[in-house]
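Listed here are the chains, written in short residue letters.
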Amino acid sequence: MRKMFRGAAALATAAVAVIALNGTAGAAPADAWAGCPDGAVCIYPQNQNPAVKPTHIFYAYGAHNLSNQFGNHWVLNNQTGGASANLCTGYNGAGCGYLIEAGKGVYADLGPINSIRLNRP
């Protein structure tokens, strides 16, 4: 009788552990957008459509120089509080043009783009 009770207890413990692991292992952050974390601006691989997994993730305000980015890429602005981003033809945030508002994305040719600038709200 004691062996049967121990076996049942072990089985119940294992079942609870499996349920607990499965409940959290597949959970993604609620604010992630196409793999882009909340508060970030993300660039995705060339011709990845739809956007799934970013290759570049930027959090800090200011200019970020890019290199070896050619062809069409998704650029998603998942910043909060109305922060925007610009695609710039020059390095260090020079020659900024296209504005990407918070919560928006653009599928753009990054060949002529040499930097991306994250702007405070």
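Residues numbered from 1 in each chain as written. Predicted model: local features only at pLDDT ≥ 70, side-chain atom pairs only at ≥ 80, totals over all residues. Heavy atoms only, no water.

Q: Sorry if this is basic, but what is going on with the packing of aromatic side chains here?
A: Any pair of aromatic rings gets described here by the distance separating the centres and the angle formed by the planes. Tallied over the entire structure, the rule returns one aromatic pair. Considering the side-chain rings of W74 and Y107, the 5.2 Å spacing of their centres and the 45° angle between planes classify their relative orientation as tilted. Here W74, found in strand β4 (residues 72-78), pairs with Y107, found in strand β7 (residues 105-109); they are 33 residues apart in sequence, far enough to count as distant. Residue W74 is classed as partly exposed on the basis of its relative accessible area, which comes to 23%. (Phe/Tyr/Trp six-rings, centres within 6.5 Å; stacked < 30°, edge-to-face > 60°. Helix = DSSP H or I, 4+ residues; strand = E, 2+ residues; numbered from the N terminus. Buried < 20%, exposed > 50% of the residue type's maximum accessible area, 1.4 Å probe, protein only.)

Q: Would you mind showing me how to read the state of the cysteines here?
A: Two cysteines form a disulfide when their sulfur atoms are joined by a covalent bond. Overall, the coordinates contain two disulfides when judged by the stated rule. One disulfide bridge connects C36 with C42, the sulfur atoms lying 2.2 Å from each other. In this structure, the disulfide formed by C36 and C42 twists by about 85° around the S-S bond and is classed as right-handed. Taken individually, C36 and C42 each receive the classification buried, so the pair is uniform in this respect. Linked covalently through their sulfurs, C88 and C96 form a disulfide whose S-S length is 1.9 Å. (Disulfide = S-S within 2.5 Å.)

Q: Teacher, can you tell me more about the pairing of β4 here?
A: Successive side chains on a regular strand alternate, one facing one side of the sheet and the next facing the other. Burial analysis of β4 places five of its seven residues in the buried class, which makes it a mostly covered element. Bridging between strand β1 (residues 40-43) and β4 involves four bridges; their strand directions are antiparallel. Along β4, the bridge assignment pairs I43 with V75. The pairing of β4 with β7 spans five bridges and is classified as antiparallel. Its bridge partner being in β7, W74 is matched across the sheet by Y107. (Pairing = 2+ DSSP bridges.)

Q: Help me understand the nonpolar core in this model?
A: Side chains of a nonpolar character, in soluble globular proteins, are inclined to be buried together. Formed by 14 residues in total, the largest nonpolar core has its most connected members in V75, L87, L110 and I116. Of all elements in the fold, only β1, β5 (84-88), β7 and β8 (115-119) reach the threshold of two or more residues within this core. Sequence-distant contacts of L87, that is, excluding residues within four places in its chain, are made with V75, G95, C96, G97, Y98, I100, V106, A108, L110, I113, S115 and I116. Grouped together as the second largest cluster of nonpolar side chains are six residues, A40, Y44, A51 and L76 included. (Core = buried A, V, L, I, M, F, W, Y, C linked by side-chain atoms within 4.5 Å. Contact = heavy atoms within 4.5 Å.)

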